Amino acid sequence: MKSLKETAFWLSVVAAVLGGVVSISGMDQILGLAGTQWAMVAILLAVYAVYFEHASCGMDNNE
């Protein structure tokens, strides 16, 4: 099972690609979100990926 940080990172990449597709193709929206909103979702997911990378949740014993 993939970790939360990897999942958040790849979802961020997918959201960034969707934002680019919406912006470049001239479509109004995909799944109800415009290109700039997809960019914001990508940024938010990237922030979560960094947080999960550095958060100490007690899941690993590398401390």
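Residues numbered from 1 in each chain as written. Predicted model: local features only at pLDDT ≥ 70, side-chain atom pairs only at ≥ 80, totals over all residues. Heavy atoms only, no water.

## Structural notes on the packing of aromatic side chains
- Counted by the stated rule, this structure contains three aromatic pairs.
- For the ring pair Phe9 and Trp10, a centre distance of 4.9 Å and an interplane angle of 75 degrees mean the geometry is edge-to-face.
- With a centroid separation of 6.1 Å and 20 degrees between ring planes, the pair formed by Tyr48 and Phe52 is classed as stacked. Note that Tyr48 and Phe52 are positioned in helix H2 (residues 35–54) at a spacing of four residues, about one turn of the helix.
- By relative accessible area, Tyr48 is classed as partly exposed at 41%.
- By relative accessible area, which is 29% here, Phe52 ends up partly exposed.
- Grouped by ring-pair contacts, the aromatic residues Tyr48, Tyr51 and Phe52 constitute a single cluster. (Phe/Tyr/Trp six-rings, centres within 6.5 Å; stacked < 30°, edge-to-face > 60°. Helix = DSSP H or I, 4+ residues; strand = E, 2+ residues; numbered from the N terminus. Buried < 20%, exposed > 50% of the residue type's maximum accessible area, 1.4 Å probe, protein only.)

## Comments concerning helix H1 (residues 4–25)
- Here H1 is 22 residues long and its end C-alpha atoms lie 31 Å apart, about the 32 Å a rise of 1.5 Å per residue gives.
- Turning to H1, its buried residues number three or more, namely Ala8, Ser12, Ala15, Gly19 and Val22. Take H1 and look down its axis: the buried residues cluster within an arc of 90 degrees, on one side only.
- Downstream of H1 by a residue or two, Gly26 has a phi angle that is positive, lying close to 80 degrees. (Expected span 1.5 Å × (residues − 1). Arc of directions from axis to C-beta.)

## Examining the packing of H1 against H2
- Packing of H1 against H2 brings their axes to within 8 Å, and their N-to-C directions diverge by 165 degrees. With respect to H2, the element H1 is oriented roughly antiparallel. In the crossing of H1 with H2, the sense of the turn from one axis to the other is left-handed. For the pair H1 and H2, the contacting residues are Leu4, Lys5, Ala8, Phe9, Leu11, Ser12, Ala15, Ala16, Leu18, Gly19, Val22 and Ser23 in the first and Gly35, Trp38, Val41, Ala42, Leu45, Ala46, Tyr48, Ala49, Phe52 and Glu53 in the second. (Axes fitted to C-alpha atoms, helices over the stretch in contact; angles between N-to-C directions. Parallel < 35°, antiparallel > 145°, perpendicular 65-115°, else oblique. Left-handed = near helix turned anticlockwise from the far one by under 90°. Contact = heavy atoms within 4.5 Å.)

## Concerning the environment of Phe9
- Turning to its location among the elements, Phe9 is positioned in helix H1.
- Classification of Phe9 as partly exposed rests on a relative accessible area of 43%.
- A C-alpha to C-alpha distance of 5.4 Å links Phe9 and Ala49, two positions 40 residues apart in sequence.

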